[in-house]
Every structure is written in C-alpha cells, then in structure tokens.
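Commentary on secondary and tertiary structure
Each chain is listed here by its residues.
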Amino acid sequence: MLLDALLPDDAAGSAAADAWALIEALYPLCRSLTGDGVRQTLDRIGERIPLIRTEVPSGTPAYDWEIPREWNIRDAWIADVGPGGNGRRVVDFRAHNLHVMGYSVPVRQMMTLAELQPYLHSLPDRPDWIPYRTSYYREQWGFCLRHRDRERLGPGPYEVVIDADLAPGHLSYAESVIPGQGESDDEVLVYTHTCHPSLANDNLSGIAVAVELARALHHAPTKPRLTWRFIFGPGTIGSLAWLSRNEERLGRVRAGLVLGLLGDPGVLHYKHSRRGDTLTDRAAAHVLRGTATHENAEAKLLDFEPYGYDERQFCSPGFDLPMGRLTRSPNSTYAEYHTSADDLTLIRAAQLASALQTLARLASVIDANRTPLNLSPKGEPRLGKRGLYGSVGGGAPGAFEHALLWVLNQADGSRDLLAIAERARLPFEQVEQAASALERAGLLRTLERTEAAPDSESRKKGPPP
Ligand code: ZN
C-alpha cells in the first residue's frame, strides 16, 4: 500500500512549523560528540517520537576507532585583566557556545595576548562570524571569535578559563523504530547527526526533518510495509558505534538515507550510494528528477564520493549499504557553513516544508515498491468484466487504464514497480495504484524478495501441474 496520506500539503505545513519550533528549542544547547547537550537534545526529540536510547562507554572499540571520553562544559571565558581591562570578559562562552573549540581540555591560566594568539581562531574574510572548530581526537584547547573583536584585543594579560570535564563517560545515541506490517523484517535506515552546537542548518534542520518524518510514519493511517529505523547520533563515531553493535541487522537493510542541511535556501541535492543503482538511488532519481514528475525540476543528483557525512561509514566497502544522502546545499558549499552565521536566519520554514514533502514522497516510493507478477499473462485479461476498464469501447484509454496495461504487460517478475514507472514514463503513484487494483482483482501478486522470477520458458508452457 502507498503511504499516500503521509504528509499532504496542510500536514506538511504544520509539520514544518513543529520542526521550526524544535530547532528553536535545540539551538541554544551545546552539543558535541558526547555529553549532556546531546542527552538534552535526545530528551526533546523523545517528547515528539518514541526513542530507544543507547549509552556506549568511553573506550569501547568501534572498528578502527574507539568511543572517546565524554566532554561536558560549564563555562569558559577570556577576561582582560590588564590596565583598563577591568576584568571584562572579551570572549564569553555564555554569549555563544561556538566561542569554545569543541572538546577543549580544561584550562585556567594567565596569558599575554602574544601567548594567547596561537589558541585563537577567527575568519579575517568574514570578520563578524564566529568559526566552528573542534579537536575531538587530539588533546588541545582553543577559542573562536569574531575577527573584528580579535583585532581590538589589547596586550593583556588575560585570564583564560575553560571550565570543562573530559573524562570517562558515554556516547549517547537514540533510535526510533516504526515496525513494518509485512511478513519480512526488511528495514530502511535514516541517520542524522546530532553533534553540532548552536548551528541551525547543519544538524538541527536534519534532526527536525527526521523527527517529523518519523512522527508522520508513526501516525500514518496505513502502516509501512518495511520497518523504518531512525538513528540520531554524532557524526562518524556515532554511525560507527551503531554499525559495530548492529552488524547482524545489516543484511535486512533495503534502503536508507543520511539527512542533513535541509533548511537553507538551496535546491535539494541527492547524493548516490556507493553502488549507485540501489532502491534508494532509483527512488530518489524518480522522485527528484523523474520524467513524469517535474515538481523538483531544479533538484540535483550527485554521484557518490567518499567525502561527506555518515554515508562515508555506511557506504564503506565493508558495509556498502544502499544509503544515499539528501541535503539542500551540500556541506562546505555555502559561506555560512560551520560558522555562527548558520543560525535561524539562514533557514526557512518553507524550505523545511518542501524538504519534508519530497522526503515523504520518497519514503512512500521506497516503502511501496515491490515486484509484481501477472497471474494471467497469456493475452490481456478482460478488465471490463472485473470493473477495471471503461465499459464503452472506442475511446483511448484514460490514465488509469493506461497504467493498468503497463503493469500487466511488464509484470513478468523481472521488474519492480519503480522500473515499470520509469519505462512507462508514469508517476510511481499511478503505477502503484494500478498494481493494487490488479492485486485486488486477483490478476497480480507480489513476488517475495527471495522468490526467483519465473523464467519465460516455464511461462510459455503454462502453469506447473
Ligand atoms: Zn557539520
């Protein structure tokens, strides 16, 4: 069945408003790979959708990596204690959490400006923006500030404080699972990263859109055929931690998406999986650029490359999962990327809404795709007597009849509905509705994934005795 009521126009608008409210609530939290900012983020997500939460202890191996120590920060500042400085905070974590390099080790010392300079990061060509910097896997510390403020700093001395803990703890991730109604336990994975502090498009738009898609699936009037598993975890180490704990599940993954950067003004970009021809890739190409569906005429399809977000791990050769990535502007391709200018003014509710609608349609196609088999393949079955065809002859077939003919003709067990839609140059939804009608009339059945297509020789001879 098609999840056609997943996010109709009015529902997409209110889902985008809810996504916006979640982004506003999450924006002030100081997230990182680990720590209480991530837990508070998962708490807020858990108010919207059911979550299964996992805490992985520091030091746990994940392939060539290991779970780092947990980082929690309470406060940080650089205070001018020189003549005339009056102890004023010239850089203050409480004003913006991007001011501290993520995973900075604790510091408390007096320094001159010259001593401090190597620990400062700013953007000379964007003097009003604070850069986002991290040092996850090398012990160091640093402050990020507007270049304009940096140029105003006097000789000091400065009191430099980072009041943080970097200690054995846990990495937190969470899953929301919508069980499929079918007999199979095939799954679709959706991953979005949760490790960026006050950045709106990069991480919060992906989180909020994933939450709303999951919520729509949880409440869909028609239950999905496949099991949908949404994972909220930090970039790289989060997907590696999840993969290392779920290898037995990976054989069931039929499709999947990494989501992020979905609120900026850019057009949608789908990046192919490593294999390039998976169900996810074919469904995305049909929905984003299909010949019969011009709604996203501006959307772009990108070839796979090994740089990006967590598709790097899911599409590494040891897994090679059928996972693509959906973003608006890809990472590193817009000026505000990884700076304080990636705030709520960069993103638009209308962009969240249209990303959600495209995703809902993509999810419906992935979920409803199946391989049909014509049970009456010798000649055309009589559709009129089954109430499927206009009773008055002579006119050209309507759109529905046209789709019925295509499905019957192509349903030899070698093609799925998506391939039929592409060959017929029809929207997937029309082909799916025709297939459902033919199934109800007993003229079609779905081949199980493990079932081989009947070869043409045996079909010519007729059904087995
Ligand atoms: Zn990022």
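Please read these numbers as outputs of a predicted model, since none were measured by experiment.

1. Regarding the nonpolar core
- By size, the foremost hydrophobic cluster in this structure holds 81 residues, and its most contacted members are Trp 228, Phe 230, Phe 232, Ile 366 and Leu 438.
- Each of domain 1 (2–68 + 169–368) and domain 3 (371–447) contributes no fewer than three residues to this core.
- Trp 141, Val 160, Ala 241 and Met 323 belong to the second-largest nonpolar core, a separate cluster that totals 55 residues.

2. Re the pattern of salt bridges
- For the structure shown, the criterion picks out 33 salt bridges.
- The residue Arg 361 makes a salt bridge to Glu 429 at a minimum N-O spacing of 2.6 Å. Taken as a pair, Arg 361 in helix H9 (residues 349–368) and Glu 429 in helix H12 (residues 428–440) lie far apart in primary sequence, 68 residues in all.
- Arg 361 gets classed as buried once you look at its relative accessible area, which sits at 12%.
- Residues joined in a network through salt bridges with shared partners are Glu 175, Asp 185, Glu 187, Arg 229, Arg 249 and Arg 252.

3. Thoughts on the coordination of the zinc ion
- Every protein donor of the zinc ion is accounted for by His 196 (NE2), Asp 202 (OD), Tyr 309 (OH) and His 338 (NE2), and the metal-donor separations fall at 2.0 to 2.8 Å.
- Relative to the metal, the four donor atoms surrounding the zinc ion lie at angles of 72 to 133 degrees, and the coordination shape comes out irregular.
- All donor residues of the zinc ion come from one chain, and their arrangement in sequence is H-x5-D-x106-Y-x28-H. In this pair, His 196 is assigned in the loop between strand E11 (187–193) and helix H5 (200–218) and His 338 in the loop between strand E16 (323–327) and H9, connecting sequence segments 142 residues apart.
- Residue His 196 is classed as buried on the basis of its relative accessible area, which comes to 6%.
- Residue His 338 is classed as partly exposed on the basis of its relative accessible area of 21%.

4. As for unusual backbone geometry
- For the bond from Gly 156 to Pro 157, the omega torsion is 5 degrees, close enough to zero to count as cis.
- Note on placement: Pro 157 falls in the loop between helix H4 (147–151) and strand E9 (158–167).
- Not every positive phi belongs to a glycine, and Leu 261 is a case in point at roughly 50 degrees.
- Mapping Leu 261 onto the fold places it in the loop between strand E13 (253–259) and strand E14 (269–271).
- Since its relative accessible area comes to 0%, Leu 261 is described here as buried.
- The phi torsion at His 338 lies on the positive side, around 55 degrees, for a residue other than glycine.

5. Comments concerning the sheet that holds strand E4 (residues 70–80)
- What the four strands build is an open sheet, ordered E5-E4-E9-E6; its pairing is antiparallel. Across the chains shown, the open sheet's two edge strands, defined by having one partner strand only, are strand E5 (88–92) and strand E6 (107–111). The sheet shows a mean angle of 20 degrees between the axes of neighbouring strands, taken without regard to direction.
- Here ten bridges tie E4 to E9, and the two strands are oriented antiparallel to one another.

6. Brief notes about the state of the cysteines
- Tallied over the entire structure, the rule returns zero disulfides.
- Unpaired in terms of disulfides, Cys 30 finds its nearest cysteine sulfur in Cys 144, a separation of 11 Å.
- On the basis of relative accessible area, Cys 30 is assigned to the partly exposed category, the value being 21%.

7. So, the domain arrangement of the protein
- Domain boundaries assigned for the protein yield domain 1 (2–68 + 169–368), domain 2 (73–166) and domain 3 (371–447).
- For the pair domain 1 and domain 2, the summed buried area comes to about 1400 Å², and 63% of that belongs to carbon and sulfur atoms.
- Ranking the residues of domain 1 by area buried against domain 2 places Cys 30, Leu 33 and Ser 340 at the top, with a combined share of 30%.
- Taken together, domain 1 and domain 2 are joined by zero salt bridges.
- Linking domain 1 with domain 2 are six residue pairs in polar contact (both at pLDDT 80 or more).
- Across the side of domain 1 that touches domain 2, the residue classes tally to 13 nonpolar, seven polar and one charged.

8. A word on helix H2 (residues 36–46)
- Those residues of H2 not exposed but buried are Gly 37, Val 38, Arg 39, Thr 41, Leu 42 and Ile 45.
- In this structure, the buried side of H2 is in contact with helix H1 (9–26), strand E1 (52–57), E4, strand E10 (170–178), H5 and strand E12 (227–233).

9. Quick word on helix H11 (residues 417–424)
- When we look at burial in H11, the residues that qualify are Leu 417, Leu 418, Ile 420, Ala 421 and Ala 424. Taken end-on, H11 shows its buried residues confined to a sector of 160 degrees, consistent with a single buried face.
- On its buried side, H11 packs onto helix H7 (279–289), H9, strand E17 (371–374), helix H10 (399–410) and H12.
- Downstream of H11 by one or two residues, Arg 425 has phi in the positive range, about 55 degrees.

Basis of the calculations
- Residues numbered from 1 in each chain as written.
- Predicted model: local features only at pLDDT ≥ 70, side-chain atom pairs only at ≥ 80, totals over all residues.
- Heavy atoms only, no water.
- Core = buried A, V, L, I, M, F, W, Y, C linked by side-chain atoms within 4.5 Å.
- Buried < 20%, exposed > 50% of the residue type's maximum accessible area, 1.4 Å probe, protein only.
- Domains from an automatic or database assignment.
- Salt bridge = Lys/Arg side-chain N within 4 Å of Asp/Glu carboxyl O.
- Helix = DSSP H or I, 4+ residues; strand = E, 2+ residues; numbered from the N terminus.
- Donors = N, O, S within 2.8 Å, 3.2 Å for Na, K, Ca; no water.
- Tetrahedral: all angles 85-135°; square planar, octahedral: opposite > 155°, others 65-115°.
- Pairing = 2+ DSSP bridges.
- Axes fitted to C-alpha atoms, helices over the stretch in contact; angles between N-to-C directions.
- Disulfide = S-S within 2.5 Å.
- Buried area = accessible area lost by both parts, 1.4 Å probe.
- Polar contact = N/O pair within 3.5 Å; in protein donor to acceptor, adjacent residues only side chain to side chain.
- Nonpolar A, V, L, I, M, F, W, Y, C, P; charged D, E, K, R; others polar.
- Contact = heavy atoms within 4.5 Å.
- Arc of directions from axis to C-beta.

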